[in-house]
Protein chains: 4
Amino acid sequence: MWTRRTDLAVEARELWQESTEKQTELKGVKSREKDLNGFKVTTVEILDDEGAKALNKPVGTYITIEIDRLVQREDNAFTLGSEALGSEISGILKLKENDSVLVVGLGNEAITPDAIGPKTAKNTMVTRHLVEKMPDMFGSMRRVSVLVSGVLGTTGIESADFIKAVAEKLKPDYVIVVDALASRKLARICRTVQLADTGIVPGSGVGNSRAAINKETLGIPVIAIGVPTVVDAATLAADLAEQSGAKDINPEDMSSYGGEMIVTPKEIDSNVNDISKLIGYGINLSLHSDLNIEDINMFLS
Amino acid sequence: MWTRRTDLAVEARELWQESTEKQTELKGVKSREKDLNGFKVTTVEILDDEGAKALNKPVGTYITIEIDRLVQREDNAFTLGSEALGSEISGILKLKENDSVLVVGLGNEAITPDAIGPKTAKNTMVTRHLVEKMPDMFGSMRRVSVLVSGVLGTTGIESADFIKAVAEKLKPDYVIVVDALASRKLARICRTVQLADTGIVPGSGVGNSRAAINKETLGIPVIAIGVPTVVDAATLAADLAEQSGAKDINPEDMSSYGGEMIVTPKEIDSNVNDISKLIGYGINLSLHSDLNIEDINMFLS
Amino acid sequence: MWTRRTDLAVEARELWQESTEKQTELKGVKSREKDLNGFKVTTVEILDDEGAKALNKPVGTYITIEIDRLVQREDNAFTLGSEALGSEISGILKLKENDSVLVVGLGNEAITPDAIGPKTAKNTMVTRHLVEKMPDMFGSMRRVSVLVSGVLGTTGIESADFIKAVAEKLKPDYVIVVDALASRKLARICRTVQLADTGIVPGSGVGNSRAAINKETLGIPVIAIGVPTVVDAATLAADLAEQSGAKDINPEDMSSYGGEMIVTPKEIDSNVNDISKLIGYGINLSLHSDLNIEDINMFLS
Amino acid sequence: MWTRRTDLAVEARELWQESTEKQTELKGVKSREKDLNGFKVTTVEILDDEGAKALNKPVGTYITIEIDRLVQREDNAFTLGSEALGSEISGILKLKENDSVLVVGLGNEAITPDAIGPKTAKNTMVTRHLVEKMPDMFGSMRRVSVLVSGVLGTTGIESADFIKAVAEKLKPDYVIVVDALASRKLARICRTVQLADTGIVPGSGVGNSRAAINKETLGIPVIAIGVPTVVDAATLAADLAEQSGAKDINPEDMSSYGGEMIVTPKEIDSNVNDISKLIGYGINLSLHSDLNIEDINMFLS
C-alpha cells in the first residue's frame, strides 16, 4: 500500500470527498472561494477537532492562491499576483504598527525543488538593522529580519532548534516560515501558494518530518507560506492505479531503485525563481504597506 | 497513446522483447555481458539495418556500465568505476599516439538533471593549450580541448552548428559528447552510463530532438557518453498502466498541467555531481594512459 | 621600472599630456565632450598613424561614458544610463534593417573583476533562434546570437579562434565583444564604459595579451565595449611614487609575493552586476529600437 | 594621514619594531619560531597589558603558519599543511574526550576575498546530528555543528547576536570562528593562517568592526582562525610613501573614487578555495584524531 502525501488543505479536503464517494457535508470545516486581482483564492477553515481529524491537519485557516497566470507569464501577472498575495498575508498577520517580523526560509538551496525558502529569503527586504541604526531614515519601516535555516546535514542543528534560538534573541511579534511542499496532484505543482496560520512541520513535504515550528514550540504566532514543487512518485503511481481501476499495480522498479523518486516539472528551475520572487514581494507588500513594487525593486537591487 | 521514450539500447532491446512477448532471437543484434572491476558491463551491437529498425537506433556498438556501487558509495567504487569506464572508452576510441580529442558537454548546467555534460567538462583535463605552448613540459600528453555548448535559448546557436564550427577549426581526431539521457525505467536512473560509437542527437532525452552530432554531420568519429537522469512522467504512467492491465489509464492532471513532467531521484543533485566526476575521470584515464587518479586530482585542483 | 597599464583611450591621452608636461596640441587626435541624459560622454578619435603612435592605440573612435550616477544609485540612473549607452552604440554600429549581430562575452565568470563579459551575455536578448523558428512572431526583430568564449584554461581554445570559428558559421554583420579592462586611475574603476570601433585584444586588461578580435582577424566589423574593473597594483605604486616625487620607490613585498596583485573596489561584486546589466540593456536598446526597458525585463525574466 | 590596518599579531610586532627604529626588547610579549612539516610556524604570546597595549591586541596566544608551499602547489603540501594546521589547532584547543565544538564561518560568500569563513564551513565535517541519531555508528566522534552567520545586510541580525543565540542553545565546549583578515603587507596575502585563542571582532578586516565574539561575550572559549586576503589600498599607499621617504604623498584619486579600495591577488578565487579547504581539513584532523585525509575526503564527498 502506497502512502498518499499532501501538504495542501484543499487536497486533503478533496481526498476526504473522494473517500466518502459523495458530496456530503464535512463537519468542522468551512470553505469559500473568491477572485482577487484575477487569481482564484480558496479559504479552508478547519474549525474544530472533528475537522482536524477528517483532514489530518491542525485547526486553523488555510488559504490557497492559484498562480497559473504567473507561470504562464500573462501580462502584469507578477504585479497583480504579488498584490493579491500581500493582501492575503496581511489578512492573516493582523500586524500592529510597530510589530517586528522574522522571515525564515526553510529548505536546501542546492536542491532545486527545495529552494523556495532560501530563494524567497533573498527577495525579502531586510530592515531590522537599518531601523535600529538609521532611525531617522528608516524609522517608519517595520523591523524585518531574515533567517535561512540551512539543512540538518550542513549544520548539525535542527531547523526548529535554530529558529527557536534566534527567535528567543530577537523576540519578533510574528514568524513567517516559507517552505516547499508536496502535492498529490501534478496539476497543482508550481501552480499554487498556500498560506496557513498554523505553522509548519519542516521537511514533511519531502519525507523527513521533524520538530514543528508553530506557536506551541516558539511561543510566537507562526504563519506558513508553502508551494508544492513535487509529487512523490509513489503517490502518483498509486493515484494512477486507482483511477484506472487496477487493484494490484506494482511499480516494481520504483522500489528496486532503492531511493526516493519525485515528479517535478521540466521547468522547475525557472518556476522556483519566479514563485520565490512572488512570495518575497508579497511579504514585502504586506509588511510595508506604503511601498509599491518599484520601491521594492530599488531596495533589493 | 503515450510515447515510450528511451535513449538506452539495453532498454530498446527489452522493449522489443516485451513487444514480441517471447524470447525469440533478435536478428541483426548481438549482445554480451561481462564483469569489469565488479561493475556489470553489457555490450549491445546493432549489426545491420534489420537490427537498427527493430531497436530504433543506428547501427553501432552500445556499452552499458551499471554503476549502482558508485551511487551507493561502496569503498573504492570511484577508483574501480572510473578505471572500468576508462578502459571501455579506450576500447571504443582506438586512439593513435598523437591523436587529439574534443570533449563536448551538452545540456544546461542550470537544470540539474541536464547538467551531466557541463559538469563532466569541468572534470576533464584541458591540455591542448599546454601541449602547444609548453611542449617541453606537456609534449607527451594528448591534446584535449573542451567545449560546453550551452543551450539554444542562451546562445541562439544550435549545438550541432556550434560544435561543427569549432571542430572544423580544431580538426580533432575524435569528438566525445557527453549528455543526459531519458530512460524508461526508474531503476536505471543515475545507475547506468552508456557509451556508443554512433554519436548523438542532443536533447532527445528531454523532448527536443535537434540536429545529430555524429560522423555524418561532423566528418569526425563521435563517441557519445550518456547517463539517464530522468524518466518522462507520461512514459512512466503508460508503463504502470500496462503492468496493471488497465486499458484506459488517463492521468488527466498530467495533461491539464500544461507542461512536461519528469521523474527524478530526490538525490539528483549529488548523483549528478558524482557521476559527472566519474565520467570526467574515465575520459582522462583513457586519454592519458600513464596517469592515475591522484595525478588527475592534482591537475584539476 | 614598472609598466603603466591602461586600456582606456582617455587615459592614454592624459598620459601623453602628462609626459609632454604641457597642454600642447596632440596631432592626429581629436576629442570632444557632451552631456547625454546627464551622463558625461567623451569621444576621442584617433585619426591617423601619428595619433595611433602617440596614444599606443589603433586608429578609430573611442567613446567613454561616465557612469558614476549609476554606481551611486541615483534615481532613474539605470534607465537614463542604458538609453544613453544604447544611443552611443547605435551611433557606432550603423545597423541596416536585417543586420544580424553576434555578442561575445569575454572573460572568466569565476573571477569577479573579469566577469563583465559573461554577465553582460546573460543580460542580452538572444533572438536568432526565435526569428528563424517563429518568424510570424519574432520576424521583425534583429537576429542576435550570444557567445561566452570561456577562458583558455577551461577550453584549450584561444578566444580569437573560437569566435572566428563561430563567426564564420553564423556570418553576422557585426560582432560586439564585451570585456573587463584595466585602468590606470582608481577613480575610473567601475565608473566608466568605453565603446570602440576598433575591436579588442582580449586579456590585455589583466596581463595576457592574445590574438586580436577585430575586422582584420574576423573579416567583420567588431565593436568593443569595455569597463575598467581593476588597476594593476604595480601601476598604482609607480603612479603614487611619481606623484610624491620619489625616485626609487620599491614596493619590495609586491615582487616578493610572486604573483600579480590588483586593486579593486570592495563593492566589486555588486558593481560588476550593475554594470553588466547596464551594458546588456544598452545593447538590447540599440539592436531593437522599438523596445523599452519594461519589454526587455519581460523578455529576460 | 592614513590608518595602517592589520589583523595579524606578527605584523603588529613588526610595526612596533619599525616604530621604535631599533630592535629593543618588547616587554610583555614573547615569540618563537619553529618548523612543522616544512611550514614555518611563529608563535607570539601577548603576556600582559603592557604587551597588549604595545601591539594593540588582546592578551593571548597568536600562531602564524606560513603556507606559501600550499599556494605554490608543491607536492604533498596540502596533506602536510593540513596536518601541521591540525596539530596547532589541537595545541590551542586542549579538547577533552566528549567535548563538542561549534564551527562558525564568518563573512560574505558572495564577495570572494570575504568568503574564507563560509567556504571553510563547507569543508568541515558536520557530525552532531549523526552522533545523536546514530550513536551506534558515530558515537565515537566528537559532536561538531557548523554555522554560517551570514552578513548583517542579508539577515538584519548581528553575527555576534546570532552566534550567541545558537551557542546558548547548543552549549558547545568550544567555538571556532573562521574569518578573512586584512594584512599590511602584500607578501602575506593568502600566504598565512593565524590561530588565536582570543576570539575575534568580525569585520575588523574590512573596516566594519562590530561586537566581539570571544569568551567574554559568549561564555565559551573562542578560537579564531583567520587568513589575510586583502591589503587596504590606503594602507598600502601610506606604506609605499613612507618607504620612499615622501612626506606628502596624496593619492587623490583614491579619495575621489568615493569608495573603499582593496589590493588582492589576481588568483584570489582559487587561493580562497585552496585555503578554505586547508583550514577545514585542519579543523577536521584536530577534532577527530583517528581520521586521515582519505577518510575526510570520503565523508565530505
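Everything discussed here concerns the structure shown above.
Residues numbered from 1 in each chain as written. Chains lettered and ligands numbered in written order. Predicted model: local features only at pLDDT ≥ 70, side-chain atom pairs only at ≥ 80, totals over all residues. Heavy atoms only, no water.

Caption draft 1: Focus on the overall build of chain A. Along its length, chain A carries 14 helices and 9 strands. Within chain A, residue pairs in contact and separated by at least 24 positions form 72% of the contacts whose partners lie at least 6 positions apart. Split by element, the accessible area of chain A, about 12300 Å² in all, is 47% carbon and sulfur. (Helix = DSSP H or I, 4+ residues; strand = E, 2+ residues; numbered from the N terminus. Contact = heavy atoms within 4.5 Å. Areas by Shrake-Rupley, 256 points an atom, 1.4 Å probe, with all protein chains shown as cover.)

Caption draft 2: Representation of the environment of Ser276(C) within the structure. All names here are of chain C. Tracing the sequence through the fold places serine 276 in helix H13 (residues 268-287). The exposure class of serine 276 is buried, given its relative accessible area of 0%. It is 7.4 Å that separates the C-alpha atoms of serine 276 and glycine 117, two residues lying 159 residues apart in sequence. With near-sequence residues (within four places) excluded, serine 276 lies in contact with Ala115, Ile116, Lys119, Thr120 and Asn123. (Buried < 20%, exposed > 50% of the residue type's maximum accessible area, 1.4 Å probe, protein only.)

Caption draft 3: Layout of the state of the cysteines. A complete count under the given rule lists 0 disulfides over all chains for this structure. Cys190(C) forms no disulfide, and the closest cysteine sulfur to it belongs to Cys190(D), at a distance of 20 Å. (Disulfide = S-S within 2.5 Å.)

Caption draft 4: Region of the structure containing the relation of the copies chain D and chain B. Laying chain D over chain B is done by rotating through 180° and shifting 0.1 Å along the axis; what remains is an RMSD of 0.0 Å. Within this description, the copies of the chain are treated as partners about a two-fold rotation axis. Interface overlap between copies: 100% of the residues of chain D at the interface are likewise at the interface in chain B, consistent with a symmetric, same-surface contact. (Least-squares fit on C-alpha atoms with pLDDT ≥ 70 in both.)

Caption draft 5: Geometry of the pairing of strand S6 (residues 174-183) of chain D. Residues and elements named next belong to chain D. Counting buried residues along S6, 10 of its 10 residues qualify, which places the element largely inside the surrounding structure. Burial along S6 is two-sided: Tyr174, Ile176, Val178, Ala180 and Ala182 and Val175, Val177, Asp179, Leu181 and Ser183, pointing in opposite directions, are all buried. Relative to S6, strand S4 (residues 101-105) is paired through 5 bridges, and the arrangement is parallel. Counted as the bridge partner of valine 104 is valine 177 from S6. Looking at chain direction, S6 and strand S8 (residues 222-232) are connected through 9 bridges and run parallel. Looking at S8, one finds that isoleucine 176 is bridged to isoleucine 223. (Pairing = 2+ DSSP bridges.)

Caption draft 6: Local environment of the interface of chain D and chain B. Taken together, the contact between chain D and chain B spans 4 residues of the former and 4 residues of the latter. The contact between chain D and chain B buries some 350 Å² in all, and 33% of this surface belongs to carbon and sulfur atoms. Contact with chain B buries area across many residues of chain D, yet Arg73(D), Met298(D) and Ser301(D) alone supply 77% of it, more than any other trio. Seen at the junction of chain D and chain B, the total is 0 salt bridges. Where chain D touches chain B, the interface holds 0 residue pairs in polar contact (both at pLDDT 80 or more). The residue inventory of the side of chain D that touches chain B, partitioned by class, reads 1 nonpolar, 1 polar and 2 charged. (Buried area = accessible area lost by both parts, 1.4 Å probe. Salt bridge = Lys/Arg side-chain N within 4 Å of Asp/Glu carboxyl O. Polar contact = N/O pair within 3.5 Å; in protein donor to acceptor, adjacent residues only side chain to side chain. Nonpolar A, V, L, I, M, F, W, Y, C, P; charged D, E, K, R; others polar.)

Caption draft 7: Structural view of helix H1 (residues 9-20) of chain D. Residue and element names in this part refer to chain D. In a regular helix each residue adds 1.5 Å, so 12 residues correspond to 16 Å; H1 covers 17 Å between its end C-alpha atoms and thus fits that length. Among all positions of H1, only Ala9, Val10, Glu11, Ala12, Arg13, Glu14 and Trp16 are buried. Lining the buried residues of H1 we find strand S1 (29-36), strand S2 (39-46), helix H2 (49-55), strand S3 (60-66), S6 and strand S7 (192-196). (Expected span 1.5 Å × (residues − 1).)

Caption draft 8: The arrangement of the packing of aromatic side chains in detail. All chains considered together, the criterion is met by 6 aromatic pairs over all chains. Measuring from centroid to centroid gives 5.2 Å for Phe78(A) and Tyr281(A), while their planes differ by 70°, and the two rings are edge-to-face. Here Phe78(A), found in helix H4 (residues 77-93), pairs with Tyr281(A), found in helix H13 (residues 268-287); they are 203 residues apart in sequence, far enough to count as distant. Taking the centre distance of 5.6 Å and the plane angle of 65° together, the rings of Phe162(B) and Phe162(C) count as edge-to-face. Residue Phe162(B) is found in helix H9 (residues 159-170), and its partner Phe162(C) is found in helix H9 (residues 159-170); the two belong to separate chains. Judged by relative accessible area, Phe162(B) falls into the buried class, the value being 5%. (Phe/Tyr/Trp six-rings, centres within 6.5 Å; stacked < 30°, edge-to-face > 60°.)

Caption draft 9: Looking closely at the packing of helix H4 (residues 77-93) of chain D against helix H13 (residues 268-287) of chain D. All names here are of chain D. Remark: H4 packs on H13, axes separated minimally by 7 Å, with the N-to-C direction vectors making an angle of 55°. By the angle class used here, H4 and H13 are oblique. Seen from above, H4 lies across H13 with right-handed handedness. Mapping the contact onto sequence places Phe78, Gly81, Ser82, Glu83, Leu85, Gly86, Ile89, Ser90 and Leu93 in H4 and Lys277, Leu278, Ile279, Tyr281, Gly282, Ile283, Leu285, Ser286 and Leu287 in H13. Residues of the contact of H4 with H13, tallied by class, amount to 10 nonpolar, 6 polar and 2 charged. (Axes fitted to C-alpha atoms, helices over the stretch in contact; angles between N-to-C directions. Parallel < 35°, antiparallel > 145°, perpendicular 65-115°, else oblique. Left-handed = near helix turned anticlockwise from the far one by under 90°.)

Caption draft 10: Representation of the pattern of salt bridges in the model. Residues and elements named next belong to chain C. On inspection of all chains with the given rule, the structure shows 48 salt bridges over all chains. The residue glutamate 14 makes a salt bridge to arginine 188 at a minimum N-O spacing of 2.4 Å. Placement of the pair is glutamate 14 in helix H1 (residues 9-20) and arginine 188 in the loop between strand S6 (174-183) and strand S7 (192-196), with a sequence separation of 174 residues. Put simply, glutamate 168 and lysine 164 hold a salt bridge, and the shortest N to O gap is 3.5 Å.

Caption draft 11: Up close: H4(D). Residues and elements named next belong to chain D. Compared with the 24 Å implied by 1.5 Å per residue over 17 residues, the 24 Å span of H4 between its first and last C-alpha is a close match. Restricting attention to buried positions, one finds in H4 the residues Ala77, Gly81, Ser82, Ala84, Leu85, Gly86, Glu88, Ile89, Ile92 and Leu93. Of the residues trailing H4, lysine 94 is marked for its positive phi of about 50°.

Caption draft 12: Structural view of the pairing of strand S3 (residues 60-66) of chain B. Residues and elements named next belong to chain B. Summarising burial for S3: 6 of the 7 residues are buried, a large majority. Bridge count for strand S2 (residues 39-46) against S3 is 6 bridges, and the pairing is antiparallel. By the bridge assignment, glutamate 45 is partnered in S3 with threonine 61. Across 5 bridges, S3 lies against strand S7 (residues 192-196) in antiparallel orientation. The partner of isoleucine 65 across the bridge, within S7, is valine 193.

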